[in-house]
Amino acid sequence: METVKAPATSANLGSGFDVFGVALDRPADVIRVERASETTIEVTGVGSQYIPEDPDKNVVGAVAEALDAPARIRIDKGVRPSSGLGSSAASSAGAALALNALYDRGYSRSELVPIAAEGEAVVSGEAHADNVAPALLGGFTVAREGAVTTVETDISLVACLPEIAVSTRDARRVVPSRAEMDDVVHTVGSAATLTVGMCRSDPELVGRGMDERLVTPARSELITGYGGVRSAALDAGATGVTVSGAGPSVLAVCYRRDRRRVAAAMLDGFDDAGVQARAYQTSVG
Ligand code: HSE
């Protein structure tokens, strides 16, 4: 038997749509695998009632098939589905690591990224690596056309998860298909600033680099209370705020000393909008 803990992740970070990702040091899924003649899946934990156990419909079924590794797979969800915190990626990445070890397949963590991304295709229709890359490799990751670069960093974050669901498919439908050159230039500048900030573990640069006008404005409309939560976090000391992944979680970057205050302000912001929420005080893991 193999047991793996697979972390939540946040993709995009505003300016790095479908490219940037970070591993979070909480919450996490726990995946247990045992050899079997055919794959079966049991799901427990947060939001498990919404997750199919049919291997053809569950992300880990695709991973088991890609590794030719049939197993009894038990997933204890710590990362809520449709949260914007890489729930499916945590399960995919955890299953890829566990099955790779169980069957001695010998793949490196980097080689497992495209295999785990196959699982992502089951839920979003496309094989994104921006959540599975940090789930497997940790730190801040830049995933572009099959190549992944990773950077270790020390950045504090608050991920605030409201009790609403936004599916990745719906959140991708609102992304504009065209952009103005001014907005593209602005986004490139932000992405470069954020990357330097991660390399320097500098929350000011990371926060400034989250600013983006291409994807976040349309997506934030899907999150009840987003404007108020964002303002509250910035007033409490956050250096930047954006939508986490496809939403509805809202991600704030801050100095470690401000994390508790930022988390409380974000919860108050959702409360003012009549939405219950949970805040994870976390950091890039
Ligand atoms: N980059 C993806 C998105 C993450 O924002 O749609 C969710 O898979």
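These figures come from a predicted structure and were not determined experimentally.

In this section: unusual backbone geometry. Trans is the common state for peptide bonds, and a negative phi is the common state for residues other than glycine. Cis rather than trans, the peptide bond between Arg26 and Pro27 has omega equal to -5°. Tracing the chain through its elements places Pro27 in strand 2 (residues 20-35). A cis amide bond links Gly247 to the next residue, Pro248, at an omega of 5°. Checked against the element boundaries, Pro248 lands in the loop between strand 8 (240-243) and strand 9 (250-254). We note that Asn12 has phi near 85°; this positive angle belongs to a residue other than glycine. For Asn12, the position within the fold is in the loop between strand 1 (2-11) and strand 2. Classification of Asn12 by C-beta neighbours within 10 Å gives buried; the count is 27. Of note in the backbone geometry, Asp68 takes a positive phi value of approximately 50° without being a glycine. Mapped onto the fold, Asp68 is located in the loop between helix 1 (59-66) and strand 4 (71-77).

Our next topic: the site of the ligand. In the vicinity of the ligand lie twelve residues, with Ala11, Asp18, His128, Gly245 and Ala246 positioned nearest. Per-element accounting of the shell around the ligand gives the leading share, three residues, to helix 5 (residues 168-173). When its residues are assigned to classes, the shell around the ligand shows three nonpolar, six polar and three charged. A domain-level breakdown of the shell around the ligand finds at least three residues from each of domain 1 (2-151) and domain 2 (156-283).

Those residues carrying the UniProt feature "domain: GHMP kinase C-terminal" (unreviewed entry) are residues 197-268 in this numbering. End C-alpha to end C-alpha, residues 197-268 measures 28 Å, and it is 50% helix and 12% strand.

According to UniProt, the feature "binding site: ATP" (unreviewed entry) maps to Arg80, Pro81, Ser82, Ser83, Gly84, Leu85, Gly86, Ser87, Ser88, Ala89 and Ala90 in the numbering used here. By the element assignment, Arg80 lies in the loop between strand 4 and helix 2 (87-102). Residue classification places Arg80 among the buried positions, given that 21 C-beta atoms sit within 10 Å. Among residues more than four places away in sequence, those in contact with Arg80 are Val46, Gly47, Ser87 and Leu161. Assignment of secondary structure puts Gly84 in the loop between strand 4 and helix 2.

The rules behind each value
- Residues numbered from 1 in each chain as written.
- Predicted model: local features only at pLDDT ≥ 70, side-chain atom pairs only at ≥ 80, totals over all residues.
- Helix = DSSP H or I, 4+ residues; strand = E, 2+ residues; numbered from the N terminus.
- Buried ≥ 20, exposed ≤ 12 C-beta atoms within 10 Å, placed from the backbone.
- Near = placed C-beta within 6 Å.
- Nonpolar A, V, L, I, M, F, W, Y, C, P; charged D, E, K, R; others polar.
- Domains from an automatic or database assignment.
- UniProt positions renumbered as here; feature names shortened; annotations may be inferred.
- Contact = placed C-beta atoms within 7 Å.

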